[in-house]
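Letter by letter, the chains look like this.
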Amino acid sequence: MIAYLTGGDPDPKAFLANCTALIEGGADIVEVGIPFSDPIADGPVIQASSMRALSQGTTPTGVLDLIGELSSQFPVPFVVLSYYNPILAMGLDRFLRKGHESGVDGIVVPDLPLEESDEFRNMALRHNVDNIYLAAPNTSRTRLRTILDKSKGFLYLVSLYGVTGPRDLLSPQALEAVKKVKSLARGKVPVSAGFGVSQPEHVSAIIKSGADGAIVGSALVNIVSHHLESPNEAPDHLKSTVAKLKASTRKS
Amino acid sequence: MEPLRALDEAYNRFSHDPSFKKQLGRWLDTFAGRPTPLYLASNLTRHVGGARVYLKREDLLHGGAHKINNTLGQALLAKKMGKQRIIAETGAGQHGVATAMACAALGLHAEVYMGSEDMDRQRLNVYRMKMLGAKVHPVESGSKTLKDAINEALRDWVTNVQDTYYLLGSVVGPHPYPTMVRDFQSVIGKEARKQILQTDGKLPKAVVACVGGGSNSIGIFHSFLHDLEVDLYGVEAGGESLSPGQNAAPLVAGREGVLHGMMTYVLQDEAGQVQTTRSISAGLDYPGVGPEHAFLMNAGRAKYVTVSDPEALDAFKNLSQLEGIMPALESAHAIGHAMKLAKSLGTKDSIIVNLSGRGDKDVEIIAKHIPQ
């Protein structure tokens, strides 16, 4: 069970409390988004959270510092999601070194395709940060094989055609895609599926079809955005939601 | 990546197919109105005193701008690829209008994303798109201008990729768009080069064009790239000033970055957040620029300069009153720089300005700024 929140949303203090709640709820990995002005892979929920975080003056360095505070208290792995430009602006080397020092275990860059990723991948290897690639339902088998070969940590499977955001139903492509990727991964790289995964039933279906993990983002960010007037109440809701999602990862 | 690869393959196949070229050529000639004339602006030339100023009259094309060169090419390609639903982004609305026109003519369904701020300032084009049968989606996210319209179009594309073709309007975005759009726009330079050799018997001293995303400029530059004696000037929107947030001049005031699937110059802050832009012309109001322009600047082959809002308005007034031609506010930036440049050159020299669009869409804005 991988739980996502946008770094610094709605403010640094509330973000720390919310992340703690994810961990207490049983998240196996915490994924933290670095807010970006133009999040093209994200739907309205995460777009809004990014804007909230940015309006508070959140910076990539600031988010890494917040992760540093959490990772010194909790042994859970941390994954960062960042669009490429903020990484480039800080400098690949500086970003990855700082990430590693802050306890970041892996990094997902949604707008850096495999074909352009060699420099980043090598730098990540050098800093002991796993570079996590994305694959989509329409990724060809040939390309998928290369992606799996170069993946570290886990493969992030986009379970639908579209952007992030909660959906009522799991996409019709999701389970098919999980099976295809799992058969090619042959146990070498764990496969986690996200995008549109928001309900315990979705998580359960994804795990049953063979995925090693399920990634829930917008459904959790929604809890944050519904408690902007009463931020102290968000952690309890996050904790119980994550606990339910976690329970549905059990196969029996 | 798979849709981009499919697009790249289809484009490579059809761009070398003689029957595709012939078909596109026929649409360009009989529907869009090519070739466009190269006009000697003799009153303007006399007024400025210096080099002869020629105008490449893309403003005379159907729809009123160079945009139709690209939309016909891509719409025809989409049709060959079997895609019926076309999406596009638009800033000033010219690309949206040209998309709507090409789609209506070719029997395709068009949906256009447009920032709500741009919808307010270019209302006329919103009506035109709707009348041409396109659906217009207002974009309320981010700065509500062109960059956000592109974000939203990309989000639509990844969602509906199986039946949808994304008809990007400039030489921006991921490969193959910058190359493909340049190729479709390069007809401008091909004609202009031939025309100036016919009228002048020699190449011009300089070619000047405005740069937003950079499609009309790359379109006219392309045929002159190997004529090293011809200076190429790209004119960016200087807006109110070169301070952050006050212009739309990434080549002059930005630094290298990645936006919309391309590595290029981007207006951004220290942390890599893309900045809002400001220009009187909606069509230049974009924080990035086509990567080929970044290359031409770094290679020293083309120079990039800015023209401010007041200078562009001045150029608009001059061209309207001296030549009876109202340029689009985008193209007025090119005129503005050409006037400065012409003054510094001799009377035996000539300059070609790409008059990329006509100014009818801008009369409301201009009426606010120029006292009657």
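What you see is a predicted model, and the numbers here were worked out from it, not measured in a lab.

1. Description of the overall build of chain A
Summing up its helical and strand segments, chain A has eleven helices and nine strands in all. Over its C-alpha atoms chain A spans a radius of gyration of 17 Å, differing by no more than 12% from the 18 Å that the globule rule assigns to 252 residues. Looking at the 252 residues of chain A, the share that counts as buried comes to 60%. A sequence separation of at least 24 residues applies to 71% of the contacts in chain A between residues at least 6 apart. In the form shown here, chain A has an accessible surface area of approximately 9,800 Å², with 50% of it arising from carbon and sulfur atoms.

2. Some points on the pairing of strand β1 (residues 2–6) of chain A
Residue and element names in this part refer to chain A. Burial analysis of β1 places five of its five residues in the buried class, the great majority of the element. Side chains I2, Y4 and T6 project from β1 onto one buried face, and the interleaved A3 and L5 project onto a second face that is buried too. Looking at chain direction, β1 and strand β2 (residues 29–33) are connected through five bridges and run parallel. When the sheet's bridge partners are listed, Y4 is paired in β2 with E31. Crossover handedness for the path β1 to helix α1 (residues 12–25) to β2: right-handed. Taken together, the two bridges between β1 and strand β9 (residues 213–216) define a ladder with parallel strand orientation. Bridge pairing in β9 links A3 to V216.

3. Here's the deal with helix α7 (residues 141–150) of chain A
Residues spaced three or four apart along an α-helix face the same direction, because each turn holds 3.6 residues. All of the buried residues in α7(A) are A:R143, A:L144, A:I147 and A:L148. Buried residues of α7(A) fall within an arc of 140 degrees about the axis and therefore sit on the same side. Pointing more than 90 degrees away from the buried face of α7(A) are the exposed residues A:T142 and A:D149. Buried residues in α7(A) make contact with β6 (134–135), β7 (155–158) and α8 (174–185) of chain A together with α1 (2–15) of chain B.

4. Quick look at the packing of aromatic side chains
Per the counting criterion, the structure on display carries nine aromatic pairs over all chains. Seen from their ring centres, A:F36 and A:Y83 are 5.5 Å apart, and the 25 degrees between their planes marks the pair as stacked. Placement of the pair is A:F36 in the loop between β2 and α2 (44–55) and A:Y83 in the loop between β3 (78–81) and α4 (84–90), with a sequence separation of 47 residues. Across the pair, exposure class does not vary: A:F36 and A:Y83 are buried alike. A centroid spacing of 5.8 Å and a plane angle of 40 degrees characterise the contact between B:F14 and B:F20, whose relative ring orientation is tilted. B:F20 carries the same exposure label as B:F14, and that label is buried. Through a chain of ring-to-ring contacts, three or more aromatic side chains come together here, namely B:W157, B:Y166 and B:Y177. Between B:R57 and the ring centre of B:Y39, over which it is positioned, the NZ or CZ distance is 5.9 Å.

5. Digging into the side chain of A:N131
Residues and elements named next belong to chain A. With respect to the helices, strands and loops of the structure, N131 is situated in strand β5 (residues 130–132). For N131, the side chain forms a polar contact with the side chain of Y133, separated by 3.4 Å. When sequence neighbours within four positions are dropped, the list of residues in contact with N131 reads I107, R121, A124, K150, S151 and K152.

6. Digging into the side chain of B:E191
Residue and element names in this part refer to chain B. Along the chain, E191 falls in helix α10 (residues 187–200). A distance of 3.2 Å separates a polar atom in the side chain of E191 from the backbone nitrogen of T36. Sequence-distant contacts of E191, defined by excluding residues within four places in its chain, comprise R34, P35, T36 and K56.

7. Digging into the sheet that holds strand β3 (residues 85–90) of chain B
All names here are of chain B. The parallel open sheet is built from four strands, whose spatial order is β5-β4-β3-β6. One side of each edge strand has no neighbouring strand; the edge strands of this open sheet are β5 (135–139) and β6 (164–166). Ignoring which end each strand starts from, the neighbouring axes of this sheet average 25 degrees apart. Looking at chain direction, β3 and strand β4 (residues 109–115) are connected through six bridges and run parallel. Its bridge partner lying in β4, E89 is registered against Y113.

8. Details of the environment of A:L238
Residue and element names in this part refer to chain A. Position of L238 among the secondary structure elements: in helix α11 (residues 234–247). We classify L238 as buried; its relative accessible area is 0%. Sequence separation between L238 and C19 is 219 residues; the distance between their C-alpha atoms is 8.7 Å. Leave out the neighbours within four places in its chain, and L238 touches L5, N18, A21, L22, L220, I223 and V224.

9. Some thoughts on unusual backbone geometry
Residue A:P10 is bonded to the preceding A:D9 through a cis peptide linkage, with omega at -5 degrees. Tracing the chain through its elements places A:P10 in the loop between β1 and α1. Cis geometry is found at the peptide bond from B:R34 to B:P35, where omega equals -10 degrees. With respect to the helices, strands and loops of the structure, B:P35 is situated in the loop between α2 (18–32) and β1 (38–40). One non-glycine residue with positive phi stands out, namely A:N128, at about 60 degrees.

About the criteria used
- Residues numbered from 1 in each chain as written.
- Chains lettered and ligands numbered in written order.
- Predicted model: local features only at pLDDT ≥ 70, side-chain atom pairs only at ≥ 80, totals over all residues.
- Heavy atoms only, no water.
- Helix = DSSP H or I, 4+ residues; strand = E, 2+ residues; numbered from the N terminus.
- Rg over C-alpha atoms; globule rule 2.2 N^0.38 Å.
- Buried < 20%, exposed > 50% of the residue type's maximum accessible area, 1.4 Å probe, protein only.
- Contact = heavy atoms within 4.5 Å.
- Areas by Shrake-Rupley, 256 points an atom, 1.4 Å probe, with all protein chains shown as cover.
- Pairing = 2+ DSSP bridges.
- Right-handed = clockwise from strand over helix to strand, strands pointing away.
- Arc of directions from axis to C-beta.
- Phe/Tyr/Trp six-rings, centres within 6.5 Å; stacked < 30°, edge-to-face > 60°.
- Lys NZ or Arg CZ within 6 Å of the ring centre and 35° of its normal.
- Polar contact = N/O pair within 3.5 Å; in protein donor to acceptor, adjacent residues only side chain to side chain.
- Axes fitted to C-alpha atoms, helices over the stretch in contact; angles between N-to-C directions.

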